[in-house]
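# Fold and contact review
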Amino acid sequence: MKPIISILIIFTIITGPATAQENNSPYRTKLSVDGPVIIAGMGLSAYGLSLMMDKDGFTEDEVLALDKNDVNKFDRFSAGYHSESAKKASDFPFYGSFAMPFAMMLNDNVRSKAGQVLVLYVETMAVTGTLFTLANGNTERARPLVYSDEVELGEKTESNAQNSFYAGHTAATAAATFFAAKIFHDFNPESNARPYVWAAAAAIPASVGYLRLKAGKHFLSDNILGYTLGAAAGIVIPQLHKKTNLTGISLTPSVIPTFNGAAAQGANLSYTF
C-alpha cells in the first residue's frame, strides 16, 4: 500500500488542471472542492503511514506468548499461514489493478474526458489511502504469519508484523477496479459489456485478498473489511460527482450555520436529493 502515496503525488501533478472537462460527461468536478479533498487525503495518508512506521514491534517474550487459540473463531483457521509464493503472486493483480482505470481510456466515451476521470481516480485513491493508513496506524494486530513456527523470530518482532488490520492491498485493489467499473458503467449506459466489467472488478481484489490470506499477511476479516471499504470508495466517490440532470438525484452537500442570537453556535451538514 505504501507505493500508493507516490502514485497519488504523480497523478495530482498530471491531472491538476483537468477538472473543467464536463461537457457530455456524467460527472461534475470542481477544482475548489476536489483539490482540497485530494490534498487532505494525501496529507492524512502520509500521516497515517508515519503512524504505521512508528509502531513498536513485538518483543521476543510477547511473540512466544502468542497463542492461536486467542484469535477469534472466525479468523483462527488462518493463524500460522505463511506462503512467500502467495505473497509474491499477490503483487501481480495488486499492481495490475492500478492500470485498470487507464484501460478504460480505450473506450472513446471515457477517453474524451480523461483528465476528469483521472482527477476522480486520484480522489478515490486518496480517500482509500486515508482510511487504510489511519486505521492501520492506530491499530495493532498481529499478522497470521506471526503464529507460524516456520517464520523467523526476527520477522515476527518487526513493527510491520502488527499491521494486519486491515488489508491495504485488498482495499487499494478493490478501489481501483470498482472505480474503473463504475466509470465504464456511467459513461456507457447502453453497453452490453457492463456485467463483465463489474465481474472483473469484483474478481481481481478477491484474488488479492485470497493470496494475502494464504501469505499470512491478513486474516479473513481484515480482507473482507479492506474489500468492502475499497469497493465502496471506488463506487461512492464517482457517484457523489454525478450530475443531477443525468441521474435524477442530487447529492449536493451544503453547510448551514446555526446561530444563538448574533453568535454562531454551530453548523448543520445536509445533502439535497
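Residues numbered from 1 in each chain as written. Predicted model: local features only at pLDDT ≥ 70, side-chain atom pairs only at ≥ 80, totals over all residues. Heavy atoms only, no water.

The next thing to look at is the pattern of salt bridges. One pass over the structure, following the stated rule, counts five salt bridges. Here D108 and R111 are joined by a salt bridge, their closest N and O atoms 2.3 Å apart. On the criterion of helical spacing, the pair formed by D108 and R111 is a turn pair, its members being three residues apart in helix α6 (residues 108-111). One salt bridge in this structure joins K242 and D186, with 3.6 Å as the shortest N-O distance. Residue K242 is found in the loop between α11 (220-240) and α12 (244-247), and its partner D186 is found in helix α9 (residues 168-187); the two are separated by 56 residues along the sequence. Each of the salt bridges in this network shares a partner with another, and the network as a whole consists of D75, R141 and D222. (Salt bridge = Lys/Arg side-chain N within 4 Å of Asp/Glu carboxyl O. Helix = DSSP H or I, 4+ residues; strand = E, 2+ residues; numbered from the N terminus.)

This part is about a negative patch on the surface. There is a patch of like negative charges on the surface, built from D54, D56, E60, D61, E62 and E140. Within the secondary structure, D54 sits in the loop between α2 (31-53) and α3 (60-65). (Patch = residues over 30% accessible without salt bridge, like charges linked within 9 Å, V, L, I, M, F, W, Y side chains within 5 Å. Areas by Shrake-Rupley, 256 points an atom, 1.4 Å probe, with all protein chains shown as cover. Lys, Arg positive; Asp, Glu negative; His and termini not counted. Charge placed at Lys NZ, Arg CZ, Asp CG, Glu CD.)

For the coordinates displayed, the defined rule picks out 12 aromatic pairs. Between F178 and W198, the aromatic rings sit 6.1 Å apart at their centres with planes inclined by 55 degrees, giving tilted as the arrangement. Note that F178 is positioned in helix α9 and W198 in helix α10 (residues 194-214), a separation of 20 residues in sequence. For W198, a relative accessible area of 24% translates into the label partly exposed. Every member of this aromatic cluster is reached through a ring pair, and the members are F94, Y95 and F98. The residue whose ring lies beneath K214 is Y81, and the NZ or CZ to ring-centre distance is 4.7 Å. (Phe/Tyr/Trp six-rings, centres within 6.5 Å; stacked < 30°, edge-to-face > 60°. Buried < 20%, exposed > 50% of the residue type's maximum accessible area, 1.4 Å probe, protein only. Lys NZ or Arg CZ within 6 Å of the ring centre and 35° of its normal.)

Another point: the packing of helix α7 (residues 114-137) against α11. At a closest axis distance of 9 Å, the pairing of α7 and α11 adopts a crossing angle of 135 degrees. With respect to α11, the element α7 is oriented oblique. As α7 runs across α11, the sense of the crossing is right-handed. Taken together, the residues of α11 that come into contact with α7 (itself represented by L120, E123, T124, V127 and T128) are A233, G234, I237 and P238. Taken together, the residues of the contact of α7 with α11 sort by class into five nonpolar, three polar and one charged. (Axes fitted to C-alpha atoms, helices over the stretch in contact; angles between N-to-C directions. Parallel < 35°, antiparallel > 145°, perpendicular 65-115°, else oblique. Left-handed = near helix turned anticlockwise from the far one by under 90°. Contact = heavy atoms within 4.5 Å. Nonpolar A, V, L, I, M, F, W, Y, C, P; charged D, E, K, R; others polar.)

Time to look at unusual backbone geometry. Residue Y166 is reached from F165 by a cis peptide bond, and omega for that bond is -10 degrees. Its place among the elements puts Y166 in the loop between α8 (153-156) and α9.

Counting 23 residues, the largest nonpolar core has F98, V110, V117 and I183 as the members making the most contacts within it. In this structure, F58, L145, Y147 and A161 belong to the second largest nonpolar core, which totals 11 residues. (Core = buried A, V, L, I, M, F, W, Y, C linked by side-chain atoms within 4.5 Å.)

Its location among the elements puts N107 in the loop between α5 (100-103) and α6. At 3.2 Å, the side chain of N107 and the backbone nitrogen of V110 are in polar contact. Beyond its immediate chain neighbours, meaning those up to four positions away, N107 contacts F184 and N188. (Polar contact = N/O pair within 3.5 Å; in protein donor to acceptor, adjacent residues only side chain to side chain.)

In this section: the side chain of K217. With respect to the helices and strands, K217 occurs in the loop between α10 and α11. The buried charged residue K217 lacks any salt bridge partner; its closest oppositely charged side chain belongs to E155, at an N-O distance of 4.9 Å. Ignoring sequence-local partners within four residues, the contact set of K217 consists of K87, R143, P144, L145, N160, S164 and R212.

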